[in-house]
Amino acid sequence: MITRKRLAAGVCALLAALTAGIAFPVAAAAGEPTGGTAPQVDLVLDVSGSMRTADIDGGSRMAAAKRAFNEVLDATPEEVQLGIRTLGANYPGDNQKTGCKDTAQLYPVSTLDRTEAKTQVATLSPTGWTPIGPALLKSAGDFTDSAASKRIVLISDGEDTCAPLDPCEVAREIAAKGIGLTIDTLGLVPNTKMRQQLSCIAEATGGTYTSVEHADELTDKVNQLVDRAADPVVTPVATEGAGTCATAPTLKSGLYTDREEFTQQRWYRVDVDPGQELRASVSVGADRAVNPSYGVLLRAVTVHGREIVRGEGAGNGRTDVISTGLRYPKADSDDEDAPAEAVCLQLTNSFSAASGVKTTPGLPLELTVDVVDAPSKASDVASFGLGRGWWLLGVLILAGFVAGLLWGWLSRWRVAVWRTN
């Protein structure tokens, strides 16, 4: 009996594996990496008075930062354009209004002159306040090529001291511009409040946060982030969905970013020729505190409002991103002059803001649109989602049914023989 159960379980597992391999083919890439322009990185360094504290490997935080910068400058790839901005480096006084303007471009974002950049870093001395928000605003304007991939690496040992300008809100405003700018943050010997603030800044732009307590860790992490900037990436295109299908922007295959307010609807249009398949997916990020129980709905409808297909995603609790997608194959036509079909994509979310949380700007979203050649029979995908592999699944089901009948008949025959003997 045990042997029979194991055999049956093995057959079921094999059938499941074959079915999964057929039912979920690999999706085509929706965009191409950008590599035509040099990637740009702006290192933003906190040079406030607290950087004098000597608690990193027996030396000061400033000494660890200088050492890390010098090693990073030596290792920066030739194809990366790099700049350096400081905050709190020049004003030593007690006037907060003046101290919160203390941010300067130490070295412009450009082709790197390692000797000149190291000379500028050597002049730094811990001085003043910690205007993180103003520094991020200025840094966002340091980049000289709008088409290049852009990354800010912020290194700080304390939270912002320039309230009410919240650096997390500044990061959200930067992300809302749709300029493809990522902010990574590193916290030197962090406390809870600083960790929360730097994490929020990074999450708002799709970046990362890292706690650092040793000089080698700082060097390795900054090097890693600068090297990452040199990797080819798909740069999203900023778009703005409309309130109705009739006024929606027409999108081509690619990756797009937008903002959607709580419970808002956004509409986009895609032209699908006969014999093509539309593949669309969307991810909505909860970049602030939201209430539990939420969802995302993506619908493909005709220009007359008839639903074609939909994709839904839901959650309950706290998450950073929720995603869904859909596929719509359009049957081929014998008429070579058959017009393309305008398909409207409707995106709706059911997020709601927690008490006291700002609802603007809207939640960040990424929309992937891909229009590819459809399978030979579009109805196969529409009915089964299996492409041309549905027949093999049918054969497997039939074979399993016949095998089950034979197994049952043999079992009954053996029992009958046993009773007779």
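Structure: above.
Predicted model, so just to flag it, every value in this text is computed and none were measured.

When helices and strands are counted, the protein shows 10 helices and 15 strands. Here the protein holds 421 residues, and the buried ones make up 44% of them. For the protein, long-range pairs separated by at least 24 residues make up 76% of all intrachain contacts whose partners lie at least 6 apart in sequence. As displayed, the protein offers around 21200 Å² of accessible surface, 54% of which is attributable to carbon and sulfur atoms.

Turning next to the side chain of Asp42. Summarising the element assignment, Asp42 is placed in strand S1 (residues 40-46). In this structure, Asp42 is buried with no salt-bridge partner, the nearest side chain bearing the opposite charge being Arg85 at 4.5 Å. Engagement of the side chain of Asp42 in a polar contact is seen with the side chain of Ser139, the distance being 2.7 Å. Those residues in contact with Asp42 that lie beyond four places of it in its chain are Gly83, Ile84, Arg85, Val109, Ser139, Asp142, Phe143, Arg151, Ile152 and Val153.

In this section: a negative patch on the surface. Judged by side-chain charge, Asp332, Asp334, Asp335, Glu336 and Asp337 come together as a negatively charged surface patch. Position of Glu336 among the secondary structure elements: in the loop between strand S13 (321-329) and strand S14 (341-349).

Further remarks concern the side chain of Arg259. One can find Arg259 in strand S8 (residues 254-260). Separated by 2.6 Å, the side chain of Arg259 and the backbone oxygen of Gly362 make a polar contact.

Here we take up the state of the cysteines. The tally for this structure, following the rule as stated, stands at three disulfides. Shown here is the disulfide that connects Cys100 with Cys162, its sulfur atoms set 2.0 Å apart. What sets the handedness of the Cys100 and Cys162 disulfide is the S-S torsion sign, and at about -105° it is left-handed. One end of the pair, Cys100, is in the loop between helix H3 (96-99) and strand S3 (103-110); the other, Cys162, is in the loop between strand S4 (150-156) and helix H6 (167-176), and 62 residues separate them in sequence. Like Cys100, the residue Cys162 is buried in the burial classification. Between Cys245 and Cys344 runs a disulfide, and the two sulfur atoms are separated by 1.7 Å. Here Cys344 lies in strand S14 and Cys245 lies in the loop between strand S7 (237-238) and S8, a separation of 99 residues in the sequence. You can call Cys245 buried: its relative accessible area is 12%. Since its relative accessible area comes to 0%, Cys344 is described here as buried. Numbered in order of appearance, the disulfide-bonded cysteines of the protein are paired 1-2, 3-4, 5-6.

Gaps left between atoms are located by rolling a probe of water-molecule size over the structure's atoms. Roughly 1000 Å³ of internal volume is contained in the largest pocket. Contributing to the lining of the largest pocket are 44 residues, with Thr182, Thr205, Gly206, Pro236 and Glu366 lying nearest its centre. Of all the secondary structure elements, the ones that give two or more residues to the lining of the largest pocket are S4, H6, strand S5 (181-188), helix H7 (192-204), helix H8 (215-230), S8, strand S10 (276-285) and strand S15 (363-373). A total of four residues in the lining of the largest pocket trace back to one element, the largest contributor, which is S8.

This part is about the sheet that holds S3. The six strands are arranged S3-S2-S1-S4-S5-S6 in an open sheet whose pairing can be described as mixed. For this open sheet the edge positions go to S3 and strand S6 (209-212), each flanked by a neighbour on one side alone. Taking the axes of each pair of neighbouring strands and ignoring which way they run, one obtains an average angle of 15° across the sheet.

What follows deals with the pattern of salt bridges. Counted according to the given criterion, the structure contains 16 salt bridges. Of the charged contacts, one joins Asp157 and Arg61 as a salt bridge, the two residues approaching to 2.7 Å between their closest N and O atoms. Highlighted residues: Asp157 in the loop between S4 and H6 and Arg61 in helix H2 (residues 61-75), separated in sequence by 96 residues. Judged on exposure class, the residue Asp157 and its partner Arg61 are both buried. With a closest N to O distance of 2.7 Å, Arg299 and Glu307 form a salt bridge. Residue class for Glu307 comes out partly exposed when judged on its relative accessible area of 30%.

Let us now look at the sheet that holds S14. To summarise the sheet geometry, strands pair through backbone hydrogen bonds and adopt either a parallel or an antiparallel arrangement. A sheet is described by the order of its strands in space; here four strands give the open sequence S9-S14-S11-S12, paired in antiparallel fashion. The two strands at the open ends of the sheet, each matched to only one other strand, are strand S9 (265-272) and strand S12 (307-315). Sheet twist, expressed as the average angle between the axes of neighbouring strands with direction ignored, equals 15°. By the bridge criterion, six bridges tie strand S11 (residues 294-301) to S14 in an arrangement that is antiparallel. Bridged to Leu297 within S14 is Thr348.

Further remarks concern the packing of aromatic side chains. Across all of its chains, the model carries one aromatic pair by this definition. Summarising the aromatic geometry, the rings of Tyr294 and Phe351 are spaced 4.9 Å apart at their centres and angled 10° between planes, so their arrangement reads as stacked. Taken together, the positions of Tyr294 in strand S11 and Phe351 in the loop between S14 and S15 put the pair 57 residues apart, joining distant regions of the chain. In this structure Phe351 comes out as buried when scored by relative accessible area, which is 1%.

Further remarks concern the environment of Ala64. Relative to the helices and strands, Ala64 resides in helix H2. We classify Ala64 as buried; its relative accessible area is 6%. Between the C-alpha atoms of Ala64 and Ala215, which are 151 residues apart in sequence, the distance is 5.2 Å. Non-local contacts of Ala64, meaning those with residues more than four positions away in its chain, are made with Ile56, Ala215 and Leu218.

About the criteria used
Each chain carries its own residue numbering, running from 1 in the direction its sequence is written. In keeping with the predicted nature of the model, local features appear solely for residues at pLDDT of at least 70, side-chain atom pairs appear and are counted solely at 80 or more, and the whole-chain, interface and lining totals rest on all residues. To get the side-chain values, take all heavy atoms of the structure and skip hydrogens and water. Helix numbering and strand numbering both begin at the N terminus, where a helix is a DSSP run of H or I of at least 4 residues and a strand a DSSP run of E of at least 2. Exposure categories follow from relative accessible area, calculated using a 1.4 Å probe and restricted to protein chains: below 20% of the type maximum is buried, above 50% is exposed, and the middle band is partly exposed. Contact criterion: two residues are considered in contact whenever any of their non-hydrogen atoms come within 4.5 Å of each other. We get accessible surface area from the Shrake-Rupley algorithm with a probe of 1.4 Å; when it comes to residues, only the shown protein chains can shield them. Just so you know, the count uses Lys and Arg for positive and Asp and Glu for negative, and it drops His and the chain ends. The working definition used for a salt bridge is a side-chain nitrogen of Lys or Arg within 4 Å of a carboxyl oxygen of Asp or Glu. Pairing of N or O atoms within 3.5 Å defines a polar contact, subject to two protein rules: one partner must be a possible hydrogen donor and the other a possible acceptor, and residues neighboring in sequence count only if both atoms are side-chain atoms. Note that patches include only residues with greater than 30% relative accessible area and no salt bridge, and the join distances are 9 Å for like charges and 5 Å for nonpolar side chains (Val, Leu, Ile, Met, Phe, Trp, Tyr). A charged residue contributes its charge at one atom only: NZ of Lys, CZ of Arg, CG of Asp or CD of Glu. In plain terms, two cysteine sulfur atoms within 2.5 Å form what is called a disulfide here. A cavity here means a set of points on a 1 Å grid, drawn over the protein atoms and nothing else, where a 1.4 Å probe fits but cannot get out; a pocket is an open set with protein on both sides within 12 Å along at least five of seven lines, and a residue lines either one if it has an atom within 4 Å of a point. Grid points are joined across faces, edges and corners, and a volume is the space filled by probe spheres set on the points. Note on pairing: DSSP must find at least two bridges between two strands before they are called paired. A fitted line through C-alpha atoms serves as each axis, taken over the contacting stretch for helices, and the angle formed by two N-to-C directions is quoted from 0 to 180°. For Phe, Tyr and Trp, where Trp contributes only its six-membered ring, two rings pair if their centres lie within 6.5 Å, and the inter-plane angle classes them as stacked under 30 degrees, edge-to-face over 60, or tilted in between.

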